[in-house]
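# Close look at the chain arrangement
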Amino acid sequence: MTTGRLLLAVEADGAGAHPAAWRFPDASGTMLDPRSIKETVTAAEWAGFAFAAFGDGPTPPPAGARIEAGVRAAYLSQLTRCIGLAPTLHVTTTEPFHLATQLASLDHASHGRAAWVLDAANDGPARATIGAAPLDDATRSQEVRDVIDVTRALWDSWEDDAVIKDVATGRFLDNDKVHHIRFEGPSFSVVGPLITPRPPQGQVVIIAADSLGVADRADITLVGGFSAVTGHGRQALSRRAERAREAGSPLVFAELEVALDQPGERAARRLQRLNPLGFWHMTDRARFVGSVAALTEFLAGLAAHVDGVLFYPAQTAVDFPILADNVLPALTSSGLARVPDPDDATLRDVLGLPRPVNRFAEPARATNSVRSAASA
Amino acid sequence: MPDHDHDDRGPQVHLGVFFTGVGPQLIWADPSCASHHEIETFVEVTQLLERGLFDAFFLGEGLRVRENRGKVFDLDVSGRPDAITQLAALAAVTDRIGLVATQNATYNYPADLARRLASLDFISGGRAGWNIVTTDNAWTGENFRNGGWLPHERRYERATQFVEAAKELWDAGPAGIGTGGTPVDVRTDLVSFRAAPTVPPSPQGRPVLFQAGDSDGGRELAARHADVVFSRHREHDEALAYAGDLRSRLARYGRQPDEVRILPGASVVVGDTQEEAEEKARWVRSEQVNGPRAITYLEQYWGRDLSAYDPDGPLPDIEPSTDELDPSRGTIAIERRTGKLQLIESWRDLAAEQGLSIRQLVLEVSGGHATFTGTPGQIADTWAHYVRTRAVDGFNITPHLLPSSLADIIDKVVPELQDRGVYRTEYEGTTLREHLALPPLRRAATAPRRAS
């Protein structure tokens, strides 16, 4: 069941979801200038978004240029205080061990605000970047599952209290609390432990689209559906949300592309202007084109089916400010949005997700501590 | 132009800090030590280094946590961040210091790593460096998809092909939004991919390349591609000989002597008087080689549990295991992994001759003595001599106490260097390449790539 109040997230550091968005002069700054990336994400933080997503892939975007998402997120970790930082990293074009290290390090640098938008680029050009051929569907699915399992095990490979700095015995760490994981899968094996201590959140928040088939492993599953604005589309979306929840996903977010009316130009008319420069084909995400009022109403209906929404503004320079300045305040004042609380220390707190128990922590020790707490 | 200023002033001392993140040289038991894991320490240190007008801050990396006799090694500082992630975070809160990531050319995909390095370089405004390392063992490879795939003797061939591919990608980066990078197709025997770069060149053109390998293969890679050599030769005459060797290799690749800076690793203990400095150095060594560490040091060679022995007593009387240094992983330099029995015999002779305890022997044989111990003036004189004789271009300082051992250098040694005219009084440029006074890249960074 959802809480009825939506958590909101936004991918706002590129020119926008529309393939022609980068062609406009006010968009170019947001893509490569660190200062304007900072301005956008800081604005998202102030508006009350739970996390900012950073899109990426091994092949060039429509604009040709893009800085690696993990680097952008890390850069912002020192310039923001409470917004979650969620770079897209692909499991099919790098080493699982590096992914686990990079994300754990982002979580340390941000004091527990890291999330991972997991993706698995598998077309010819993407796989060619590592000198490999595309994987067949079954192998790719196996790979996605295995990389999540390895990454999660590596994040647990240092127990929270592994660093003891015991001057009397000269031990910096307790090596009974730093573990080999000894993962063996069909395509790779990893011994561990991670080179980085356990992330502050215990486990970095993993976000994955339902089409990747890992709703049983992700913390947030993303669902979409064609033309969700219509009644039929909303039904399809709610069915997908239900399936993800049944598979075990603690949270389900809708992915929603938005183009919003502004004074002087309606969104539909703007798209007519943009589309000749690069047609905005329907994607697996839902899409909303219209007024702020209509979007608010649409989201109110959605709140019964999903826990949150990840917005993809058509043009960051145009649609993001409308989301931040108009949509979010409207949702908050009508009790439809859940914004981060000042007491939330980590992204897991913001999302209402518990900090996971470490799989390697001995149950005996946990029992002991419960017992001593009870006797105290 | 910064380069002319540099020439007019004569040779300058270039300083970097190498934060290894693991190892016995980092003292953790003293109450004055900052956390070795929290980002705040790194922010404090890099901002301190900017105040001291340092060229660069380096992060070390090793892709497997070190072990002793099958368990994770517990006595040293351990647990490091991903270097590029950590440096990208630091780029946001610093504006001059160079940010150098140690990254492995054996267990990375070239296009992936080149892109992450270019991203760090771009987002920091041209302050990134890559310390190129290779992995010599399949043991580290057990954390990767294809562990142990590369024969030891071919690791520098792979690194060379990797670096050449990375340079090709960096040269082919897009000029900006909407232009697109030129796809790069590499098919060499140890590197194979096709990728279109997406990161535009930074103000310094590409990341500065650091190389530390000292074998013949390492020196050749340095002569061909490095901008900075992180050498091991600290003693003046040795350093001079090394510089001569490197410069003769450079000529073979058509490179000028000033295209490479030589910065040996060094540890520094500063005192207001010579006696105070020596006393401090003794304390540092006794912290670094405490009783448990001395026992563990011998265990690595004995291959047996020696925990019953008293570190202040005589050497173990039991015989070492006959196998080579297999049970200990990642803590012993490669050249020490064979011939351990002869080594142990020589230690026994030395201990008997001088009446040394376990701990005294380890203090004697384990290395890691401070490279420079003295007053600020003495150290400044020595360093000025080193750079004026072209033995080195500066030093990569490995701190033992964070942050106080660095504050000593910045507050006390740097002013002395400035008085001697061998150290900058302000940053002349904004990029790492400019700080190092390296000549601009021959190919203009923003020029479109010529079709071949």
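Everything quoted here is computed from the prediction, not taken from an experiment.

## Here's the deal with the sheet that holds strand S10 (residues 228–229) of chain B
What the nine strands build is an open sheet, ordered S11-S10-S9-S6-S5-S2-S1-S15-S12 (chain B); its pairing is parallel. A single partner strand is all that each edge strand has here, and the edge strands are strand S11 (261–262) and strand S12 (265–266) of chain B.

## Digging into the nonpolar core
Within the largest apolar cluster, 235 residues are counted, with the highest numbers of intra-cluster contacts made by A:Phe51, A:Ala52, A:Ile207, A:Val309 and B:Leu120. When sequence neighbours within four positions are dropped, the list of residues in contact with A:Phe51 reads A:Ala9, A:Ile83, A:Gly84, A:Leu85, A:Ala86, A:Ala115 and A:Leu347. Formed by eleven residues, the second largest nonpolar core is a distinct cluster that contains B:Val289, B:Trp302, B:Tyr309 and B:Leu361.

## Observations concerning the pairing of strand S7 (residues 184–187) of chain B
Residue and element names in this part refer to chain B. As paired strands, S7 and strand S8 (residues 192–195) are joined by four bridges and run antiparallel to one another. Bridge pairing links Arg187 to Ser192 in S8. What sits between the antiparallel neighbours S7 and S8 is a turn of four residues.

## Quick notes on the interface of chain B and chain A
By a widely used convention, the size of an interface equals the accessible area lost when the partners come together. In this assembly, 59 residues from chain B lie in contact with 54 residues from chain A. When residues of the side of chain B that touches chain A are traced back to their parent elements, those giving at least two are strand S4 (71–72), helix H3 (83–91), helix H4 (110–123), S8 and helix H10 (291–302) of chain B. By residue number, the principal contributor to the side of chain B that touches chain A is H4(B), which donates eight residues. For the side of chain B that touches chain A, a count of residues per class yields 30 nonpolar, 17 polar and twelve charged.

## A look at the domain arrangement of chain B
Segmenting chain B into domains produces domain 1 (2–272 + 370–435) and domain 2 (290–365). For domain 1 of chain B versus domain 2 of chain B, the separation of C-alpha centres amounts to 32 Å.

## Regarding the pairing of strand S12 (residues 286–290) of chain A
Residue and element names in this part refer to chain A. For S12, the tally of buried residues reaches four of five residues, placing the bulk of the element in the interior. As paired elements, strand S11 (residues 251–260) and S12 share five bridges and run parallel to each other. Each residue of the ladder has a partner; that of Ala259, found in S12, is Val289.

## A closer look at the environment of B:Arg51
Residue and element names in this part refer to chain B. Position of Arg51 among the secondary structure elements: in helix H2 (residues 39–51). On the basis of neighbour count, Arg51 is assigned to the partly exposed category, with 13 C-beta atoms found within 10 Å. Remark: the alpha-carbon pair of Arg51 and Asp411, spanning 360 residues in sequence, is separated by 9.4 Å.

## Re the confidence of the model for chain B
Residue and element names in this part refer to chain B. Scored by pLDDT, chain B comes out at a mean of 90, with 93% of its residues at no less than 70. In the model, residues 1–5 has pLDDT below 50 throughout and makes seven contacts with residues more than four positions away in sequence or in other chains. In the predicted structure, residues 444–452 sits below a pLDDT of 50 and forms seven contacts with residues beyond four places in sequence or in another chain. As a predicted assembly, this complex carries a pTM of 0.94 together with an ipTM value of 0.95.

Conventions and cut-offs
Residues numbered from 1 in each chain as written. Chains lettered and ligands numbered in written order. Predicted model: local features only at pLDDT ≥ 70, side-chain atom pairs only at ≥ 80, totals over all residues. Pairing = 2+ DSSP bridges. Helix = DSSP H or I, 4+ residues; strand = E, 2+ residues; numbered from the N terminus. Core = buried A, V, L, I, M, F, W, Y, C linked by C-beta atoms within 7 Å. Buried ≥ 20, exposed ≤ 12 C-beta atoms within 10 Å, placed from the backbone. Contact = placed C-beta atoms within 7 Å. Nonpolar A, V, L, I, M, F, W, Y, C, P; charged D, E, K, R; others polar. Domains from an automatic or database assignment. pLDDT = per-residue confidence, 0-100.

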